[in-house]
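The primary structure of each chain is shown beneath.
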Amino acid sequence: MDLENGGPRNREVSTLLRIFRAIAVLPLFALLGGCQWVLLAPSGDVALQQRNLLLASTALMLLVIVPVMALTIFFAWRYRASARASYDPDWNHSLPLEVVIWSVPLLIIIVIGAMTWMGTHLLDPYRPLNRISASKPVVEARAGSTAVRKQPLVIEVVALDWKWLFLYPAQGIASLNEVVAPVDQPIEFRITSSAVMNSLFIPALAGQIYAMPGMQTKLNAVINHAGEFEGFSANYSGAGFSDMRFRFRGVDDAAFGDWVQGAIRNGTTLGRDEYLVLERPSEREPVRYFRDIPSDLFTAILNMCVDRAKMCTRDMMAMDARGGGGKEGIHTVTALEYDKSVRRGGQPLPPRPFVMAICTPTDVYGAAGVTARAVN
């Protein structure tokens, strides 16, 4: 039945159907209530600068996209079949049009490239902060100045399966799945992982940075507004990845001091043996606090030798640099006869040393290893 071409009754029904369809779509907008605008309204200065760079780049690209979309609609309407537009099949060139078509995108690319280059260096996560906020630079020590420069709060981060451990070396405490920092205090995160690669991401604070076993990455950031924010792993790392989340709390200096004292009073000891138990895979761990942290625990985690029966990777690399674990590895460091120093008229390189034996707690001088090699 054709409702549009019917009588007044049919036209009323058709109008009501259109209104009903429009109303039926409105509840779908309620789903947008779950969206978070934290990336567009961050609380940390580094994340704010990254937001501004994103918005500026988007606006510059829209200078091309919007006119192209508008002209597409205009041309379709202007040269439609029923229009009386002029038709010139022999037209093939217009210098003003060519200048606009090529110069505008080129200028936009140059500006975006310059912004990206500067942002890449100024927002380098390894770069110490030069400002707390847009109106508050980091205090510099100058002659005759009474201002006291705030030293960064060092937080050592360990990505475990599937939880986050935060060590505060200056305060002598640690926390599980919770990190607290004072407002307007520069923060230096030193990040590693116990087993597999993860990614530390606190959207309100700064961009993400990877956590890799046996390696250390850094992230310098600052929180400018008090509040509680979400942090999580942005890199899939196994079965418990979905619940590998933590909370980041920005507080004032007094509240941070109270939190530290509470962790000292209520925390449990976290030594090497306790850490080896903690690092075992587990999911949905509650927030916990620790005290009496060994000063070398993070270094041991980084070098993958919390278990004292294992050789630290730094020692292993130092041994490899000196020829490996015996004369079998000397060929890896022996200078070649056609070494470039000789070819260029220089003196031959002196022979490099190599490891003859490995000492152990029961064999301090490595005599057993030397004897075994002599017999062989």
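Counting starts from 1 at the beginning of each chain's written sequence and moves along it residue by residue. Side-chain atom pairs in this predicted model are given and counted only at pLDDT of 80 or more, local residue features only at pLDDT of at least 70, and totals for whole chains, interfaces and linings cover all residues. Calculated side-chain values reflect all of the structure's heavy atoms, with hydrogen atoms and water omitted.

(A) Just the packing of aromatic side chains, in detail. Classification of ring pairs uses Phe, Tyr and Trp, with its six-membered ring standing for Trp, and accepts pairs whose centres are within 6.5 Å; under 30 degrees between planes counts as stacked, over 60 as edge-to-face, and the remaining range as tilted. For the coordinates displayed, the defined rule picks out 11 aromatic pairs. Aromatic pair Phe201 and Phe232: ring centres 5.4 Å apart, planes at 70 degrees, arrangement edge-to-face. Here Phe201 is found in strand E8 (residues 198-201), whereas its partner Phe232 is found in strand E11 (residues 227-233), with 31 residues between them in sequence. Across the pair, Phe232 and Phe201 agree in class, each one buried. Joined through ring pairs, the aromatic side chains of Tyr168, Phe256, Trp259 and Tyr289 make up one cluster. Look at NZ for Lys and CZ for Arg. If either is within 6 Å of the ring centre and within 35 degrees of the ring normal, a charge sits over the ring. Over the face of the ring belonging to Tyr79 we find Arg78, whose NZ or CZ atom lies 5.6 Å from the ring centre. Secondary structure elements follow DSSP: runs of H or I of four or more residues count as helices, runs of E of two or more count as strands, with numbering from the N terminus. Burial status follows relative accessibility: with a 1.4 Å probe on protein chains alone, a residue under 20% of its type maximum counts as buried, one over 50% as exposed, and anything between as partly exposed.

(B) A look at the pattern of salt bridges. Each salt bridge in this description consists of a side-chain nitrogen of Lys or Arg and a carboxyl oxygen of Asp or Glu lying within 4 Å of one another. In this structure the tally under the stated criterion is 11 salt bridges. Among the ionic pairs, Glu178 bridges to Arg249, the shortest N-O distance being 3.3 Å. Of this pair, Glu178 sits in strand E6 (residues 178-182) while Arg249 sits in strand E12 (residues 245-251), placing them 71 residues apart in sequence. Here Arg245 ties to Glu230 by a salt bridge, and the two come within 2.5 Å at their closest N and O atoms. Of this pair, Arg245 sits in strand E12 while Glu230 sits in strand E11, and the two are 15 residues apart along the sequence.

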